[in-house]
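Breakdown of the fold
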Amino acid sequence: MAAALRSARRFPLPPLQPAAGPGRLGSPGAAMQQPAALPARPGGAQAGSGGWLGALRFDNLALRSLPVDASEEGGPRAVPGACFSRVRPSPLQNPRLVAMSLPALALLGLEAPAAEREAAEAEAALYFSGNRLLAGSEPAAHCYCGHQFGSFAGQLGDGAAMYLGEVLGPAGERWEIQLKGAGLTPFSRQADGRKVLRSSIREFLCSEAMFHLGIPTTRAGTCVTSDSKVIRDIFYDGNPKSERCTVVLRIASTFIRFGSFEIFKPTDEYTGRKGPSVNRNDIRIQMLDYVISTFYPEIQEAYSDNSIQRNAAFFKEITKRTARLVAEWQCVGFCHGVLNTDNMSIVGLTIDYGPFGFMDRYDPEHICNGSDNTGRYAYNKQPEICKWNLGKLAEALVPELPLEISELILEEEYDAEFEKHYLQKMRKKLGLIQLELEEDSKLVSELLETMHLTGADFTNIFYLLSSFSVNSDPSELEDFLEKLTSQCASVEELKVAFKPQMDPRQLSMMLMLAQSNPQLFALIGTKDNINKELERIEQFSKLQQLTAADLLSRNKRHWKEWLEKYRVRLQKELESVSDADAWNTERVKVMNSNNPKYILRNYIAQNAIEAAENGDFSEVRNVLKLLENPFQEAEGFREVQEDAEEEGATATAAACAQETRSRLPYCSKPPLWASELCVT
């Protein structure tokens, strides 16, 4: 969720001193004192002493391998000839822990002491807010560029995130840790380097949710809020509010992204912008050497004597990883929301959680980002957009990888890898574990079309299918149809979904303008948007005449038709095995480990956010625990508060939420008020 109001006022803050060890908790006041400047560049790994965070062993390879900006000039500026700039976190008032992910922290070799929980949480809040530095950490901000919504934006960089260093895990594996929201960097542009509670909770929870769904992702170790405030205009509508500054500890093998290689881009012919390190091919070579040797060591070893072949093998691998990643997204209904080249991981992880969303009612054109007016990053466009982004990465690797080689790799590998992985995953979701038939792709397409026609809940329909019996009698089939149709949209929900978004006079003006002045029309609208609005009007008109009974009858007919096709396909599976019971047991097991019961729905996140904004962090922690076991019935987590509290609720959602105080299962399709939530 992007913050809106960009404060023009900046207050220089004192630099921070690395603590002798993380055991020194001290008082918030002491942490705000002005200590000596950071040392220039400590070499090698350093371990803190004392406290439970003393186990962290730093070895900051990236800063030793890539050029670091020599300038110590503060404030936003261009950073030429460097991949990193040294920075200092800005202290927060009274930092306190919202939640921590023990599985994520275990990657770093950390285990919170159960007997001293309060002290451990205070220590985590102090260090993972940036108020005190861990011994061995070397805060820095990464320089990168990016194509944003299709246009080259020039220098971007870590405007709110800070690299702390690389921690060696228990088995010697290397993890980069970051603080997101820790203050100004040279890349903050017109912003303030801060993140707020709502966006931080969403990133924290979704990072962990994606991992436990089995999807490659960056991780989140802690979420720390404070009494420091910033002003944000959430919906860019002139109604700003004061929000708490909050910091997320992010963990990944690396946060280098496609846009990291775009810092060398010459002046763009469309935007007139360029990267800060044009003509620095020496740095591009350094970056390729570092990325491939560190994160693709098998490729480095296989092609150590031929850089072109090595770089081609690397590009082929990131192409295939990206294809598999987006296939995984599509199979759980995940929409990223901002698939710019600067939000694409160079190692194939889901990275940078902003206006993301898990799809509730299946809609192939679902847009999760309220700022995506053209639908560039809609659910069904994610595969082609990720391919487009890979094309921009290919351009950024020239001359170290000639474009004719990378373009051929992209055309030969991406679509084939995506389709292969997508169908493999969908077969598992449907329990097709014995045979791989050509007709399976059509069965999946027809299932999705049935979901679309009936307004079905994407997650819950897949979860229900494991209980479908091949040999069900008519009464059992009718019971199953009742379950399926209960997960379809009601007339009221459809009316909200298809409610016209334009004033009739505005639409009439746009239609006239499209005919009389196409050039002016192109500046303020698109034909696709107008056609979608006309479709909404038509659907909304039809819904006025539709009764609940008619809708139920229609939905049952659609599902009965598809279930018959599904039954026939399962029968073929059954005929190929000797033990029907063993096959069915395995089928259900595979389906239940690939179809989650719980996802991070927007309304669940919103309830947790509003409780946290009122000082209650328990719901964030409850939801985190739930998401750690997304495929299993969670004892003690059967209900979630359906409504949002009046204070802090957003726009129409607040009014809808006040209507009821009932509770819903966490796995329920969302309440009506959730459709009014807008994430930007």
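In what follows, the structure referred to is the one given above.
Quick look at the structure, then. A quick note: this is a predicted structure, and the numbers were derived from the prediction, not measured.

Looking at the packing of helix 10 (residues 403–429) against helix 11 (residues 440–454)
Two elements in contact, helix 10 and helix 11, have axes separated by 10 Å at closest approach and are oriented at 70°. The angle between the axes of helix 10 and helix 11 places the two elements in the roughly perpendicular class. Of helix 11, the residues touching helix 10 (which contributes Tyr422, Leu423, Met426 and Arg427) are Asp440, Ser441, Val444 and Leu448. Within the contact of helix 10 with helix 11, the residues separate by chemical class into five nonpolar, one polar and two charged.

Observations regarding the pairing of strand 9 (residues 219–232)
In terms of residue burial, strand 9 counts as a mostly covered element, since 11 of its 14 residues are buried. Here strand 2 (residues 96–100) pairs with strand 9 via four bridges, running antiparallel. Within strand 9, the position partnered with Leu97 by the bridge is Val224. In the sheet, strand 9 pairs with strand 10 (residues 241–252) via 10 bridges, with the strands oriented antiparallel. Residue Ala220 lies in a different strand from strand 10, and its bridge partner there is Arg250.

Here's the deal with helix 15 (residues 504–516)
Helix length check: helix 15 (13 residues) gives 18 Å between terminal C-alpha atoms against 18 Å at 1.5 Å per residue, within 8%. Listed as buried for helix 15 are Leu507, Met510 and Leu513. Angular distribution of buried residues about the axis of helix 15 spans 125°; they occupy a single face of the element. In helix 15, those exposed residues whose orientation departs by more than 90 degrees from the buried face are Pro504, Arg505, Met512, Gln515 and Ser516.

Some remarks on the side chain of Thr246
With respect to the element layout, Thr246 can be found in strand 10. By relative accessible area, Thr246 is classed as buried at 0%. A distance of 3.0 Å separates a polar atom in the side chain of Thr246 from a polar atom in the side chain of Thr225. Of note is the side chain of Thr246, whose polar atom sits 3.3 Å from the backbone oxygen of Arg244.

About the criteria used
Residues numbered from 1 in each chain as written. Predicted model: local features only at pLDDT ≥ 70, side-chain atom pairs only at ≥ 80, totals over all residues. Heavy atoms only, no water. Axes fitted to C-alpha atoms, helices over the stretch in contact; angles between N-to-C directions. Helix = DSSP H or I, 4+ residues; strand = E, 2+ residues; numbered from the N terminus. Parallel < 35°, antiparallel > 145°, perpendicular 65-115°, else oblique. Contact = heavy atoms within 4.5 Å. Nonpolar A, V, L, I, M, F, W, Y, C, P; charged D, E, K, R; others polar. Buried < 20%, exposed > 50% of the residue type's maximum accessible area, 1.4 Å probe, protein only. Pairing = 2+ DSSP bridges. Expected span 1.5 Å × (residues − 1). Arc of directions from axis to C-beta. Polar contact = N/O pair within 3.5 Å; in protein donor to acceptor, adjacent residues only side chain to side chain.

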